[in-house]
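Fold and contact review
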Amino acid sequence: MADRLQVIRKKVAKKRDDSETVGSHLLYKTLGNLIGASEEKKLPIEMQRSVVSKVDVVKDSIILEDKVHDYLVWYKQHMVIGHYTNIGEYHCPIEMQNFIEKMAVWYELRYPDYEINRILPCTGQESTQVSKEMFVNNSYVKDLLDEKNDIKHLDWADFYNFEAFYNSLSGEERSYFSNPSYPSLLYYDSSGIGHIHLDRNGKIYDVSGIPFLEDFEYRCDEINIKDVVDYIQNNNIHEGEEFIAAVNRYEDCIKSKEGMLDSVMYRIIERGGNVEPSYLLRNLEEIYLYL
C-alpha cells in the first residue's frame, strides 16, 4: 500500500503549485498523514491506527448498517433517555441518524469519486476535475465574476471546506462535535455541605466538607475527579453518587462523539463501495484540524 501511495503522491506533487499551501490538492494532506507529512498537519498516530484497524475490520464482510444501528441504540440509551422529554427521546436518535447521513453526503459532494479516480491511470476520468465543473465551466460563476478574476485558481475542496460546512449547521448539530466538560460544582452527598469545585477537564481546585479529601487539599492541583471516584469505589464508600454520574456522563460524551464519527465513516464506505484508509483519514483529519 505504501508503494502505491508513494506513486500517487508523486502524481499529486506535480499538480500542486510551488507554494504548497495546505489544501491545494484534495489528497495532499491525507497522503502526507500516511507517508510523512509535517507533525502539525498529521492526525495523532493513535487515531490513524484506529481508522486503519476499523477499515480492516469492515473489510471482513461486516454489515455496516448494523454498526450504525448499534451506535444509535447506544446513543439513545446513554445520551438521550433521562436527559430529554418523551418527545425528545423519540426525535433525538432520528436527528442523529439524519446528521450522520448529512455528514456522509457533505463528504461525497466535496470529494467526488472521480476526483480520486482521475489521478489513477486507466480510469477514463483523468480529465474530469471538480473545480473546473464547479467554477470554470459554471455559467453562473462566469457571469457573476469579472473576466479579470482568474476563476481557474478557485479550488472546490478549499471552497467547500469543513469550516464552511460546520458554520452552516444548527446549534444542536454543532453540539455533536463539542468536547465534553465537567460541571464547575459537584456535591458529595444530599446534605449539600460536602462539595468540590473543578475545571472543565475534571481537575479539582477546591474541596470543602469531604474528610478524606480535605487531608489532600494542599495538593488539589494534582487531583482529578476520576481519582476521587476510583477511591470511592475501591473503598466501598456509599456517597459521591453525583461524582460518579459526572464521570460516567463525561466518558459517555467522548464515546458518543467517537461513535458518531465512526458511523459517518461506515456510511461513507457503505455509500461509496470499497474505500481505502487514506480516503477516510482525509475526512477525519479535516475535522480534527478544524476542531
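About the cut-offs
What you see as residue numbers is a count from 1 along each chain, following the sequence as written. It should be noted that, the model being predicted, local features are given only for residues of pLDDT at least 70 and side-chain atom pairs only at 80 or more, the latter also being counted only at that level, while totals for whole chains, interfaces and linings use all residues. Note: side-chain values were computed over all heavy atoms of the structure, leaving out hydrogens and water. Remark: exposure states derive from per-residue accessible area (1.4 Å probe, protein chains only) relative to the maximum for the residue type, with buried under 20%, exposed over 50%, and partly exposed in between. Numbering of helices and strands runs from the N terminus; a helix is a DSSP stretch of H or I covering at least four residues, while a strand is a stretch of E covering at least two. An arc is given here, and it is the one of the directions from the helix axis to the C-beta atoms. Distance and chemistry together define a polar contact, namely a pair of N or O atoms within 3.5 Å, with one atom able to donate a hydrogen and the other to accept it when in protein, and with adjacent residues in sequence counting only for side-chain atoms on both sides. Two rings belonging to Phe, Tyr or Trp (six-membered ring only in the last case) form a pair when the distance between their centres is within 6.5 Å. Interplanar angles under 30 degrees mark stacking, angles over 60 mark edge-to-face geometry, and anything in between is tilted. Should DSSP find at least two bridges between two strands, the strands are taken to pair. Note on method: axes are straight lines fitted to C-alpha atoms, helices fitted across the in-contact stretch only, with angles between N-to-C directions ranging 0 to 180 degrees. Note on terminology: a nonpolar core comprises buried Ala, Val, Leu, Ile, Met, Phe, Trp, Tyr and Cys residues joined through side-chain atoms within 4.5 Å. Throughout, a residue-residue contact means that at least one pair of heavy atoms, one from each residue, lies within 4.5 Å.

Okay, helix 13 (residues 225-234) next. For helix 13, the complete set of buried residues consists of I225, V228, V229 and I232. Looking straight down helix 13, one finds its buried side chains confined to an arc of 100°; they lie on one side. The opening residue of helix 13 is N224, an N-cap whose side-chain oxygen sits 2.9 Å from the backbone nitrogen of K226. Note on helix 13: the residue one or two positions beyond its end, N236, has a positive phi of about 50°.

Next up on the list: the packing of aromatic side chains. The final tally for this structure, using the stated rule, is 16 aromatic pairs. Here the aromatic rings of W106 and F165 are separated by 4.9 Å at their centres, their planes lie at 25°, and the arrangement is stacked. On the criterion of sequence distance, the pair formed by W106 in helix 5 (residues 86-110) and F165 in helix 10 (residues 162-167) is long-range, its members being 59 residues apart. Each member of the pair, W106 together with F165, is buried. Measuring from centroid to centroid gives 4.8 Å for F212 and Y231, while their planes differ by 15°, and the two rings are stacked. In this pair, F212 sits in helix 12 (residues 211-214) while Y231 sits in helix 13, placing the two residues 19 residues apart along the sequence. Assessed through its relative accessible area of 16%, F212 is described here as buried. Of the residues examined, Y231 reaches a relative accessible area of 37% and is grouped as partly exposed. By way of ring pairs, the aromatic residues F99, W106, Y107, Y160, F162, F165, Y166, Y176 and F177 are connected into one cluster.

This part takes up the sheet that holds strand 3 (residues 204-208). Overall, antiparallel pairing links the three strands, which are arranged 1-2-3 in an open sheet. What marks the edges here is a single partner per strand, and that holds for strand 1 (185-187) and strand 3. If you compare each strand with its neighbour and ignore which way they point, the axes differ by 20° on average. Where strand 1 meets strand 2 (residues 195-198), three bridges bridge the pair, whose relative direction is antiparallel. The residue of strand 2 that forms the bridge with Y187 is H195.

Quick look at the nonpolar core now. Membership of the largest hydrophobic core comes to 31 residues, with the highest contact counts inside it found for M96, M103, F162, F177 and M260. With eight residues, the top contributor of residues to this core is helix 5. Residues contacting M96, with those up to four places away along its chain left out, are Y71, L72, Y75, Y176 and M260. One finds V207, F212, V228 and V229 within the second-largest nonpolar core, a separate group that totals 19 residues.

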